[in-house]
Amino acid sequence: MSDDLYLDANATEPLRPEARAAVLVALDLRGNPSSVHADGRAARRVLETARSQIANAFGARAQDVVLTAGGTEANAAAIHALAPGRAVLVGATEHPAVLAATPGATPIPVLADGRLDLAALDTLLTCSDLALVCVMAANNETGVLHPLSEIAALCRRHGALLHIDAVQAAGRMALDFAGLGADTMALSGHKLGGPKGAGALLLRPGLTLAPLLAGGGQERGRRGGTEALPAIAGMGAAAAAARPQDAARLGRLRDAIEAGAGLSVAGQGAPRLPNTTSLIFPRMPAETLVIALDLEGVRVSAGSACSSGKVTRSHVLTAMGLGEAAGHAIRVSLPWDAPEDVAPRFLAALARVGARLAPVAGPSTGG
Ligand code: PLP
């Protein structure tokens, strides 16, 4: 196990030690954070600490943080509350969590490098009276960063609401929710190095949120259901421990992989997350490579791994106009604890796989 290379951080980050410690403390708290007695108040203190940690890490006020069961729920809750009565415009490369929550929405095209087409957004906003724009901060497959400040400025100019899916960007780059001027922003605990099953929705001050899940009035009536205290405590600790300044180290390791692989990289010209690369192998089906690398102890994904093991042609790469190549990309995403020698180890495994599969795929495979 220790020789394995886990390079699938965009599917989920390894648990940070700070998160693990916080989970273990919270597991032993027997109170419900909504109970008024001493045990409830002890649980409430842990919950509020996590809320403050999340607020501080991402530029929000604690009272504007709604705790959820993950990024999918945070996105769905925002869209459920903001979309009624509005024309919904959604980035063409959004995660299925957002696409599924916005049936019938108008796609906003992306440029060939994966960044949102701002001119197209401007035109779409000019044609829509009341709009809600849903875009991701960073793409889960390519790591491409959308120009959020420009998108927010366009939304302001046209009086549109803006929801940002920051699930992949959070913890990997500086994110200032208040400074961006968006209405809502979705986060996920397990992409920060917390446990799976916790998330948060940040709200612009003063925004009221009609709950997606109504219930016992938790989260100030904005999300019913007893909060998953251990997962949320872990998410708070992970948010506090994540260091966007580690980006330089991960970027150096990622660049060494790209330089050594000598392959085309989806979105290479655009600003990208430092930990992500989408390598395109001519002729070799991505799923074949993923399996072959797995046998070498290297864990990567073909496109998005959030699709329960099913491998379909990437809608992200298709929207970037990559055509046939969309079925030939593997995503390598470095975790926060990637070892310093990740590039030579990955490249050696890739060379072994290439040599083994070359007779099957033809002479130019892997080139
Ligand atoms: N948004 C993006 C961009 C993602 O990459 C993911 C998961 O991969 C999600 C949302 C869903 O988050 P969660 O797994 O916490 O539901």
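Residues numbered from 1 in each chain as written. Predicted model: local features only at pLDDT ≥ 70, side-chain atom pairs only at ≥ 80, totals over all residues. Heavy atoms only, no water.

1. Details of the overall build of the protein chain
Inference 1: Within the protein chain, the regular secondary structure consists of 13 helices and 13 strands.
Inference 2: By the compact-globule yardstick of 21 Å for 367 residues, the protein chain fits well, its C-alpha radius of gyration being 21 Å.
Inference 3: Over its C-alpha atoms, taken along the principal directions, the protein chain stretches across nearly 70 × 55 × 35 Å.
Inference 4: In the protein chain, the share of contacts with a sequence separation of at least 24, taken over all contacts with a separation of at least 6, comes to 71%.
Inference 5: Just so you have it, the protein chain exposes about 14,600 Å², and 58% of that area is on carbon and sulfur atoms.
Inference 6: Within the protein chain, one finds 32 positive and 32 negative side-chain charges whose respective centroids are separated by 3 Å. (Helix = DSSP H or I, 4+ residues; strand = E, 2+ residues; numbered from the N terminus. Rg over C-alpha atoms; globule rule 2.2 N^0.38 Å. Contact = heavy atoms within 4.5 Å. Areas by Shrake-Rupley, 256 points an atom, 1.4 Å probe, with all protein chains shown as cover. Lys, Arg positive; Asp, Glu negative; His and termini not counted. Charge placed at Lys NZ, Arg CZ, Asp CG, Glu CD.)

2. Let's talk about the side chain of N275
Inference 1: When you line up the elements, N275 lands in the loop between β9 (264-265) and β10 (276-280).
Inference 2: There is a polar contact of 3.0 Å between the side chain of N275 and the side chain of N10. (Polar contact = N/O pair within 3.5 Å; in protein donor to acceptor, adjacent residues only side chain to side chain.)

3. A word on the domain arrangement of the protein chain
Inference 1: What the domain assignment reports for the protein chain is domain 1 (5-13 + 244-361) and domain 2 (17-241).
Inference 2: In this structure, domain 1 and domain 2 have C-alpha centres spaced 26 Å apart.
Inference 3: In this complex, domain 1 contributes 28 residues to the contact, which on the side of domain 2 involves 32 residues.
Inference 4: Together, the buried faces of domain 1 and domain 2 total about 2,300 Å²; carbon and sulfur atoms form 59% of this surface.
Inference 5: Linking domain 1 with domain 2 are one salt bridge.
Inference 6: In this structure, the salt-bridge partner of R172 is E13, at a minimum N-O distance of 2.9 Å. (Domains from an automatic or database assignment. Buried area = accessible area lost by both parts, 1.4 Å probe. Salt bridge = Lys/Arg side-chain N within 4 Å of Asp/Glu carboxyl O.)

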